[in-house]
Amino acid sequence: MFEDSQVIIWDTEYTSWPGCKENGWDNEKGQYREIIQIGAVKFDTENLKVLDSFDRAIRPQINPELSEYIKDLTGLSQQRIDNVDSFESVMKAFIDWSQDFTLYSYGNDLDVVKRNIELYDSDLGLSESRFKDIRKVFRSNGVPVDEWNSGDIAHYFDPKKELLPQHDAYNDAMNMTEALKMIREQS
């Protein structure tokens, strides 16, 4: 399934408003995808165990007031967001925590990180070669990834499986690890 015996499964949540997905986050309307949470787990691919975790909220700088839409979707409160560090500080901590592990996300999370680096004119020195799309792992195991997202991919294997609530970056990372365990169980 993976070349490495240990990997990081990670996810992000970012600012959004009704209709953003459909209009592509209209920057002229000030709709930027500012990351507001990073969640990740270090995952042992051989014994299928979570070894460590990272869960941090991030204070958006361009749109510091969260929309009701994103608060309802993610469960993140304005109070939690108001009292946390900025993107650059949290990303530095995430990079330090992740060491030289390969990082797997469901789709475009690296693109969103790179866009935030541009938005904030940050100099984080990301090694992009460490970032991989976990959908390739799921596809290679017959999963139609376009029908699922990171938070519910395990339902492909078992529609009744109890999962952590979706649209929370940490929960979505944990739910992806559940799906990986289910792939192994079916092998």
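The following paragraphs examine the structure supplied in this document. Keep in mind that this is a model prediction, so the values were computed, not measured. (Residues numbered from 1 in each chain as written. Predicted model: local features only at pLDDT ≥ 70, side-chain atom pairs only at ≥ 80, totals over all residues. Heavy atoms only, no water.)

On to the overall build of the protein, then. Along the protein, the regular secondary structure elements total seven helices and five strands. For the protein, buried positions account for 50% of its 187 residues. Counting contacts in the protein only where the partners sit at least 6 residues apart, residues at least 24 apart contribute 69% of the total. Accessible area of the protein: about 9400 Å², with a carbon and sulfur share of 40%. The distance from the centre of the 21 positive side-chain charges to the centre of the 36 negative ones in the protein is 2 Å. (Helix = DSSP H or I, 4+ residues; strand = E, 2+ residues; numbered from the N terminus. Buried < 20%, exposed > 50% of the residue type's maximum accessible area, 1.4 Å probe, protein only. Contact = heavy atoms within 4.5 Å. Areas by Shrake-Rupley, 256 points an atom, 1.4 Å probe, with all protein chains shown as cover. Lys, Arg positive; Asp, Glu negative; His and termini not counted. Charge placed at Lys NZ, Arg CZ, Asp CG, Glu CD.)

All told, the structure shown has ten aromatic pairs when counted by the stated rule. A centroid spacing of 5.6 Å and a plane angle of 40 degrees characterise the contact between W10 and F94, whose relative ring orientation is tilted. Pair noted here: W10 is in strand 1 (residues 6–14) and F94 is in helix 4 (residues 87–98), with a separation of 84 residues, a long-range link. Taking the relative accessible area as the measure of exposure, F94 reaches 1% and is therefore buried. Centroid distance F54 to W97: 5.5 Å. Interplanar angle 40 degrees. Geometry classified as tilted. Placement of F54 in strand 3 (residues 49–57) and of W97 in helix 4 is noted, with a sequence separation of 43 residues between them. For F54, a relative accessible area of 7% gives the class buried. When its relative accessible area of 13% is taken as the criterion, W97 is described as buried. (Phe/Tyr/Trp six-rings, centres within 6.5 Å; stacked < 30°, edge-to-face > 60°.)

Glancing now at the nonpolar core. Formed by 26 residues in total, the largest nonpolar core has its most connected members in W10, I38, F87, M91 and F94. A per-element tally of this core places helix 4 first, with six residues. With residues near it in sequence (within four places) discarded, F94 still touches W10, I38, A40, F54 and L103. One finds F2, V7, Y104 and A154 within the second-largest nonpolar core, a separate group that totals 23 residues. (Core = buried A, V, L, I, M, F, W, Y, C linked by side-chain atoms within 4.5 Å.)

Glancing now at the pattern of salt bridges. Here the structure, examined in full by the defined rule, presents nine salt bridges. For R56, the salt bridge identified is with D85, shortest N-O distance 3.1 Å. One end of the pair, R56, is in strand 3; the other, D85, is in the loop between helix 3 (78–82) and helix 4, with 29 residues separating them in the sequence. The salt bridge partner of R135 is D133, with a shortest N-O separation of 2.7 Å. Taking the relative accessible area as the measure of exposure, R135 reaches 24% and is therefore partly exposed. With a relative accessible area of 18%, D133 lands in the buried category. Each of K161, E178 and K181 takes part in one network of salt bridges that share partners. (Salt bridge = Lys/Arg side-chain N within 4 Å of Asp/Glu carboxyl O.)

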